[in-house]
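Here's the letter readout for the chains.
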Amino acid sequence: MFLRIDHVGIACHNLEEKIEFYESTFGLVVVSREVNEAQGVREAMLHVADGEGGTSYVQLLEPLSPETAVGKFLAKRGEGVHHIGYGVADVSKAMAEIAAKGVRLIDERPRHGSMGASIAFLHPKDVGGVLTELVEAPRA
Ligand code: V0V
Ligand code: CO
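By the naming in an unreviewed UniProt entry, the protein chain is Methylmalonyl-CoA epimerase, taken from Herbidospora galbida. Word for word, the UniProt comment on the protein chain under Sequence similarities (unreviewed entry) is "Belongs to the methylmalonyl-CoA epimerase family."

In structure tokens, the structure reads:
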């Protein structure tokens, strides 16, 4: 079902500081910066590697306010890994297949994600405590 790990989402208080850390420590390069009002985040995608199944990134996430998903996460747990995003060929099809196995979908239909992707989240309580995102990259 999954083509690759598309990205690992990491919650942080200060996006610019974290970008600087990932650039200077690991030599990663920012390929996209966006504000996603619907998801309540300011985010950056840093390129990690290109594989057979596509490209993998680190996604750094700063909340737009304390009431957002990432804002609440930071208050409860502090900075760290927030979610795993898996690449899929068809997000609607993957949602239907996964829902049929009894895993709760947070999103009833796909949402707009980073760099033109279609995304959907699965509830962490049904995935062993891991917030899980499905990512369908736009057609090249
Ligand atoms: C919350 N919980 C988590 C979690 N966030 N567990 C694992 N990983 C996380 N990231 C746990 C939390 O500890 C609670 O467990 C329980 O879920 C309910 O959490 P809550 O703080 O009361 O918050 P809720 O229920 O209001 O919201 C939680 C959910 C929410 C997961 C439903 O964060 C959500 O809808 N997330 C999906 C959207 C999102 O995260 N967007 C930001 C990334 P206990 O304490 O009761 O045991 S946007 C993105 O990735 C983009 C744009 C992209 O990739 O392109
Ligand atoms: Co994400």
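Resuming the write-up.
### Focus: the pairing of strand β3 (residues 41–51)
The side chains of a regular strand alternate between both faces of the sheet. As paired strands, strand β2 (residues 29–36) and β3 are joined by seven bridges and run antiparallel to one another. Across the sheet, serine 32 pairs through a bridge with methionine 45, a residue of β3. Remark: four residues form the turn of the hairpin made by β2 and β3, two consecutive strands paired antiparallel; glycine 40 in that turn has positive phi of roughly 70°. From the end of β3 to the start of strand β4 (residues 54–63), which pair antiparallel, there are two residues.

### A few points about the site of ligand 1
Looking at ligand 1, there are 22 residues lining it, with Lys72, Arg77, Ser114, Lys125 and Glu133 nearest. Notes on ligand 1: free accessible area 1100 Å², of which the protein chains cover 76%. Only α2 (69–77), β5 (80–87) and β7 (118–122) provide two or more residues apiece to the shell around ligand 1. At six residues, the largest contribution of residues to the shell around ligand 1 is made by α2.

### Quick notes on the coordination of the cobalt ion (ligand 2)
For the cobalt ion (ligand 2), the full set of protein donor atoms is His7 (NE2), Gln59 (OE1), His83 (NE2) and Glu133 (OE), at a range of 2.1 to 2.2 Å. Here the cobalt ion (ligand 2) binds six donor atoms, and the angle range of 81 to 174° at the metal identifies the geometry as octahedral. Positions of the donor residues of the cobalt ion (ligand 2), expressed as sequence spacing, correspond to H-x51-Q-x23-H-x49-E. With a gap of 76 residues between them, histidine 7 in strand β1 (residues 4–11) and histidine 83 in strand β5 connect regions that are remote in the sequence. For histidine 7, a relative accessible area of 3% gives the class buried.

### Regarding the sheet that holds β7
Across a sheet, paired strands are connected by hydrogen bonds in the backbone, their directions being either parallel or antiparallel. Strand order in the open sheet formed by eight strands is β2-β3-β4-β1-β5-β8-β7-β6, and the pairing between neighbours is mixed. Every other strand in the sheet has two partners, leaving β2 and β6 (111–112) as the edge strands with one partner each. Across the face of the sheet, α2 comes into contact with β1, β3, β4 and β5 while running at roughly 140° to β5.

### Here's the deal with the domain arrangement of the protein chain
Each assigned domain of the protein chain is listed here: domain 1 (9–82) and domain 2 (88–140). Counting from both sides, the interface comprises ten residues of domain 1 and, opposite them, nine residues of domain 2. When the two sides are added together, the surface that domain 1 and domain 2 hide from each other amounts to roughly 650 Å², 48% of it contributed by carbon and sulfur. The largest per-residue losses of area from domain 1 upon contact with domain 2 belong to Glu34, Gln39 and His82, which jointly make up 52% of the total buried on that side. Where domain 1 meets domain 2, there are zero salt bridges.

Conventions adopted
- Residues numbered from 1 in each chain as written.
- Chains lettered and ligands numbered in written order.
- Predicted model: local features only at pLDDT ≥ 70, side-chain atom pairs only at ≥ 80, totals over all residues.
- Heavy atoms only, no water.
- UniProt positions renumbered as here; feature names shortened; annotations may be inferred.
- Pairing = 2+ DSSP bridges.
- Helix = DSSP H or I, 4+ residues; strand = E, 2+ residues; numbered from the N terminus.
- Near = heavy atom within 4 Å.
- Areas by Shrake-Rupley, 256 points an atom, 1.4 Å probe, with all protein chains shown as cover.
- Donors = N, O, S within 2.8 Å, 3.2 Å for Na, K, Ca; no water.
- Tetrahedral: all angles 85-135°; square planar, octahedral: opposite > 155°, others 65-115°.
- Buried < 20%, exposed > 50% of the residue type's maximum accessible area, 1.4 Å probe, protein only.
- Contact = heavy atoms within 4.5 Å.
- Axes fitted to C-alpha atoms, helices over the stretch in contact; angles between N-to-C directions.
- Domains from an automatic or database assignment.
- Buried area = accessible area lost by both parts, 1.4 Å probe.
- Salt bridge = Lys/Arg side-chain N within 4 Å of Asp/Glu carboxyl O.

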